[in-house]
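Per-entry structural report
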Amino acid sequence: SQQGEEDPQALSIQEGENATMNCSYKTSINNLQWYRQNSGRGLVHLILIRSNEREKHSGRLRVTLDTSKKSSSLLITASRAADTASYFCATDARGNKLVFGAGTILRVKS
Amino acid sequence: DVKVTQSSRYLVKRTGEKVFLECVQDMDHENMFWYRQDPGLGLRLIYFSYDVKMKEKGDIPEGYSVSREKKERFSLILESASTNQTSMYLCASSRELAGDLNNEQFFGPGTRLTVL
């Protein structure tokens, strides 16, 4: 099965609520990245967290990494309708290739 | 800002046709990638290139070839298009490869290819 499997597959919340997405992986990594994809568009890099980091913030985004559990979470606080998108985690577990999960579809209702 | 452009947003081709998808990046990145994206399967790497004229197979190279004659341009070629190659194709570039310190990838807008 793939590295970087996101959970849940889909998430629907009200504007202003927080959204949490999780990512699990199977082998050791140097870093883990999160990307966003708006419908029908390319991916946009959000944040990269290294294996020696536990938490990282960028604006309304908070990413955590637990290497002992081989998992990461992406928290979007105070969500907005514009946050509606698919979110992917990607790991470097396979050497020089990034491996993407199937993604979490987030819908923020206004 | 890094810009990655792809030659077409939408493309419709017939079975058996030779198809060229072009990708250009303007940030002097060494590495370029071609992915296909299908519902429920995420992104799957087709080929990547780490230098001019250098290429390496990804996870699903069958039915595809690539060309990198210039650093800024990476082409994906479908030698004889088939209906199972109908998909969204995404090109990306990066300064470093996965596992290195700064390996974020910059993506183009994608080409939605339909093979009839």
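Structure: see above.
Figured I'd write up the structure that's included with this text. Not measured: the values here are computed from a predicted model.

**Describing the pairing of strand β9 (residues 85–94) of chain A**
Residue and element names in this part refer to chain A. Among the 10 residues that make up β9, 9 are buried, leaving the element largely enclosed by the rest of the structure. Where strand β4 (residues 31–37) meets β9, 6 bridges bridge the pair, whose relative direction is antiparallel. In the sheet register, Y35 faces β9, and the bridge partner there is F88. Inspection of the sheet shows β9 paired to strand β11 (residues 104–109) by 3 bridges, in the antiparallel sense. Paired with Y87 across the strands is T104, a residue of β11. Here β9 folds back onto strand β10 (residues 97–100), and the loop between the two strands holds 2 residues, one of which, G95, carries a positive phi near 65°.

**So, the pairing of strand β5 (residues 43–50) of chain A**
Residues and elements named next belong to chain A. When you tally the buried positions in β5, you get 6 out of 8 residues, the bulk of the element. Direction of pairing for β4 relative to β5: antiparallel, over a ladder of 7 bridges. Along β5, the bridge assignment pairs R36 with V44. Count of turn residues in the β4/β5 antiparallel hairpin: 5 residues, of which G40 carries a positive phi of about 75°.

**A word on the interface of chain A and chain B**
Between chain A and chain B, the residue contacts involve 23 residues of the former and 27 residues of the latter. Both faces considered, chain A and chain B share a buried interface measuring about 1,900 Å² in area, 49% of it formed by carbon and sulfur atoms. Summed over the shared surface of chain A and chain B, the number is 1 salt bridge. Here K97(A) and E56(B) are joined by a salt bridge, their closest N and O atoms 3.4 Å apart. Linking chain A with chain B are 7 residue pairs in polar contact (both at pLDDT 80 or more), by the criterion used here.

Calculation rules
- Residues numbered from 1 in each chain as written.
- Chains lettered and ligands numbered in written order.
- Predicted model: local features only at pLDDT ≥ 70, side-chain atom pairs only at ≥ 80, totals over all residues.
- Heavy atoms only, no water.
- Buried < 20%, exposed > 50% of the residue type's maximum accessible area, 1.4 Å probe, protein only.
- Helix = DSSP H or I, 4+ residues; strand = E, 2+ residues; numbered from the N terminus.
- Pairing = 2+ DSSP bridges.
- Contact = heavy atoms within 4.5 Å.
- Buried area = accessible area lost by both parts, 1.4 Å probe.
- Salt bridge = Lys/Arg side-chain N within 4 Å of Asp/Glu carboxyl O.
- Polar contact = N/O pair within 3.5 Å; in protein donor to acceptor, adjacent residues only side chain to side chain.

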